[in-house]
Each structure stands twice: as structure tokens, then as C-alpha cells.
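Remarks on the overall topology
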Amino acid sequence: MIIYGKDCILRAFDLKDVKSFYAIAHEDDVKSFVPYAYPENMHEAFENVYTYSCGDMKNDFYLVIEREGEIVGAIISVRTNEDSLDTSAFISRNYRGMGIMTDAMNTFVKWIKENTNYKKLVMTIDLKNVASNHQIKKIGGTFMMETDSYNVYNVFVR
């Protein structure tokens, strides 16, 4: 499955993505801000990508963000109950500040709205992640609560 955005495409993971996924995940802040997607080594990267490649696009959505044939990031969205998806995303530092993540997330939200019955994406963002706390507002995130370390937002699709 391929979902076309304005400046990127979203597509399912494939085993050929292991090296690119590993490289992006090993950039400075993915380990800090999206730790469950961080592989310690290539074997773990293979296991992650294998799991992601098995997403069913009903209960779990594991999508590569690709621009001009290059993997630049990922969206990971997993059903937590009948109407919500726990969602995380990351993008390579070389592609930050270009609007690609906003395009990717808006494209994903639109696809979810048009093709599923989910009501919201729930995004938990580290307080220190200034860029993501700013970016969530660009896609219509509604602030729900703050904990000691995180802000929780809902992006309503219904």
C-alpha cells in the first residue's frame, strides 16, 4: 500500500529498509524520544523492520516516510482500543524543518479518517522535544494533559 502526500509518500515497511531504518534510528534523539523504535544493533533493526512489515493496516500501521526514493522517517501507530491509535513518528535530522513531517502526518490523518472508524490518534511527546511539541499543533493536536515528563495530545479524526 502506498499513500501519496504532497511532499512524501507513506508506504509499508519492507525488509530492504533495515539499513536505512537503522541509520535514521541511530541519529541523536530517536533513542531519547522514541526508545521502543531504537534498535541497539542491526539484528534488532531487522527484527523491528520484520515486525513492522507485518502490520495489517487495520490494527497497526507501520509506515515508512519516503521522499524522492529515500527513507526519511517513519510513523508507527498501534490500536490501543476500539477507537484510538497510539501514534509516534520520527524523521531524519537532515529532513527536519522542511514540512515533510507535517505533510506525512496530515496525509496519515486524512487516510485514517477516510478508511477507518478510528476517532483519534494519541501522541505522547517528551517535554524536552520542542520540535514535536510544536509540530503536533500544526496537525491539529489537542492538548490533553501534562505529566512530569510528557505532554499528551489527541489528534481527532472524527
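Our structure's up above, just so we're on the same page.
Described in the following lines is the structure provided in the data block. (Residues numbered from 1 in each chain as written. Predicted model: local features only at pLDDT ≥ 70, side-chain atom pairs only at ≥ 80, totals over all residues. Heavy atoms only, no water.)

Two strands in a sheet stick together by hydrogen bonds in their backbones, pointing the same way (parallel) or opposite ways (antiparallel). Within the open sheet, the 8 strands sit side by side as β1-β2-β3-β4-β5-β6-β8-β7. Their pairing is mixed. The open sheet has two edge strands with one neighbour each: β1 (2-4) and β7 (142-146). Across the sheet, the mean angle separating the axes of adjacent strands is 25° when strand polarity is ignored. Of the strand pairs in this sheet, β7 and strand β8 (residues 150-156) are connected by 4 bridges, and their pairing is antiparallel. Across the sheet, E146 pairs through a bridge with N151, a residue of β8. (Pairing = 2+ DSSP bridges. Helix = DSSP H or I, 4+ residues; strand = E, 2+ residues; numbered from the N terminus. Axes fitted to C-alpha atoms, helices over the stretch in contact; angles between N-to-C directions.)

A surface patch of nonpolar side chains, amounting to about 290 Å² of accessible area, comprises L15, F46 and Y50. Residue position: F46 is located in helix α3 (residues 42-53). Take F46: its relative accessible area is 39%, and that puts it in the partly exposed class. (Patch = residues over 30% accessible without salt bridge, like charges linked within 9 Å, V, L, I, M, F, W, Y side chains within 5 Å. Areas by Shrake-Rupley, 256 points an atom, 1.4 Å probe, with all protein chains shown as cover. Salt bridge = Lys/Arg side-chain N within 4 Å of Asp/Glu carboxyl O. Buried < 20%, exposed > 50% of the residue type's maximum accessible area, 1.4 Å probe, protein only.)

Secondary-structure assignment places K16 in the loop between β2 (9-12) and α1 (18-25). Judged by its relative accessible area of 61%, K16 falls in the exposed class. On a C-alpha basis, the gap between K16 and G97 in space is 27 Å, while along the polypeptide they are 81 residues apart.

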